[in-house]
Amino acid sequence: MSELITQIASDAVIDKAYDWLCKQRKNFSHNNDVWTLRRCWQTIKPNLQQKLRQGKYCFSPQTEIRLPEEKLESWCAIDSLVLKAMAIVIGNHLKPILSSRCFHIKGHGGAKKAVREVHNHLSPKSYVMKSDVKSYYASIDHMLLFDMLTGYVNDKYVLRLLWQYLNRTVCYGENYQEISRGISLGCPLSPLMAALFLKPLDDAMQDSGLFYVRFMDDWIVIAPTRWKLRKAVAKVNTILEGLLLEKHPDKTFIGRAVRGFSFLGYFLTPWGVSVAQSTWKNMQKRISRLYEQDAGSIGQYVTRWLRWVIAGNIGVDVAVLQGQCAGLVSLVPAFH
């Protein structure tokens, strides 16, 4: 039996995925299938493990949930559990080949470390490229990603599951749609797939010798000269073209560091870190909605937001930020 599928179907991994699922869906409605799974888990678990080991497990169509401003795609409970188990095992399997400069991968430091490292490498003479991919998850080509996976995953049962995960079906009522491009939002396996798909970019920037950081599809390149930055930009463009991806035109910054740029919710210059304008605007919108729905929770929200902003020893001036937040909250009825 193949080693990877054996690990995925093992008691340790399945139980870990089950615990994760129970925490993720603890507040789901009483008629959600997670409660049936939990009630019958001792019967379901051995049958699930057997299907996985025999290569007979198949994912069900996703359910499309339509909200006023967005559409969500939801995996059924048992599929979500299997995808989490796959993420655990495949993540450990791919960890040696994924770049340490890809900070959204567990154990690589996270967003705050990425921001801190970028700021520490900035100088008034630095040249910067900051960009991300336009509609990254929705733009990932299935065949290109699957070709990458076949180079690293030597397990036919796992590859079969990965192909099903990519070429999924989404249903809304009686309408079924086959998805031929893009990966699933909100899926525990997707951040890992997103990390792997941009590995050619990680490798090229590592070979360039320039400072480089990536968080999901947001990346920063810092160069000491304009010429070296231009060379890096040309290389990035070539790689993205080969991956059938496009830089986001409104989120791309190329120029001198002294002009400042936004990255992961912060505004960075060689002299300091502050909160990005887009982050402020999102906070104001959230406060406005809370004022309509539950004004009493605004204080708790602001406290959590401040904790997030200053976490990780980023270097934001806490006293100034607290004063700005206090002033903002006092004006809630005015901007409502």
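In this numbering scheme, every chain counts its residues from 1 along its sequence in written order. Totals for whole chains, interfaces and linings use all residues, but because this is a predicted model, local features are given only for residues with pLDDT of at least 70 and pairs of side-chain atoms are given and counted only at 80 or more. Excluded from the side-chain calculation are hydrogens and water; included are all heavy atoms of the structure.

S.K.: How should the side chain of glutamine 164 be read in this particular structure?
M.R.: Labels follow the DSSP assignment, with helices taken as runs of H or I lasting at least four residues and strands as runs of E lasting at least two, numbered in each case from the N terminus. Within the secondary structure, glutamine 164 is located in helix H9 (residues 156-166). Throughout this description, buried means an accessible area under 20% of the type-specific maximum (1.4 Å probe, protein chains only), exposed means over 50%, and partly exposed covers the range between. By relative accessible area, glutamine 164 is classed as buried at 17%. Two N or O atoms count as a polar contact when they lie within 3.5 Å, although within protein this holds only if one can serve as hydrogen donor and the other as acceptor, and sequence-adjacent residues are included solely when both atoms are side-chain atoms. Side-chain polar atoms of glutamine 164 contact the backbone oxygen of tyrosine 57, separated by 3.4 Å.

S.K.: Just to check I follow, could you spell out the packing of helix H11 (residues 199-208) against helix H12 (residues 226-242) for this structure?
M.R.: How two helices pack is summed up by the angle between their axes together with the distance between the axes. Interaxial distance between H11 and H12 falls to 10 Å at its minimum, and their mutual angle equals 160°. Here H11 is positioned roughly antiparallel relative to H12, judged by the angle of their axes. Helix-helix and strand crossings are classified by hand; for H11 and H12 the assignment is right-handed. Together, Pro200, Leu201, Ala204 and Met205 of H11 and Ala232, Lys235, Val236 and Ile239 of H12 make up the contact between the two elements. Class assignment for the residues of the contact of H11 with H12 results in seven nonpolar, no polar and one charged. Every angle, taken between N-to-C directions, lies between 0 and 180 degrees, and every axis is a line fitted to C-alpha atoms, over only the stretch in contact when it is a helix. Orientation labels follow simple angle bins: below 35 degrees gives roughly parallel, above 145 gives roughly antiparallel, 65 to 115 gives roughly perpendicular, and whatever is left gives oblique. Crossings are sorted by hand: turned counterclockwise from the far helix by less than a right angle, the near helix makes the crossing left-handed, and turned clockwise it makes it right-handed. Contact criterion: two residues are considered in contact whenever any of their non-hydrogen atoms come within 4.5 Å of each other. Residue classes follow a fixed rule: Ala, Val, Leu, Ile, Met, Phe, Trp, Tyr, Cys and Pro count as nonpolar, while Asp, Glu, Lys and Arg count as charged, and any other residue, Gly among them, counts as polar.

S.K.: Any chance you could explain the pattern of salt bridges here in plain terms?
M.R.: Think of it this way: side chains of opposite charge can pair up when their charged atoms draw near. Should a side-chain nitrogen of Lys or Arg be within 4 Å of a carboxyl oxygen of Asp or Glu, the pair is scored as a salt bridge. The full count for this structure, using the stated rule, is eight salt bridges. The salt bridge partner of arginine 181 is aspartate 141, with a shortest N-O separation of 3.3 Å. With a gap of 40 residues between them, arginine 181 in the loop between strand S5 (175-178) and helix H10 (190-197) and aspartate 141 in the loop between helix H7 (136-139) and helix H8 (142-152) connect regions that are remote in the sequence. Given a relative accessible area of 35%, arginine 181 falls into the partly exposed group. Classification of aspartate 141 by relative accessible area gives buried; the value is 16%. When salt bridges with common partners are traced through the structure, they connect Asp11, Asp15 and Lys45 into a single cluster.

That is the geometry; function is a separate question.
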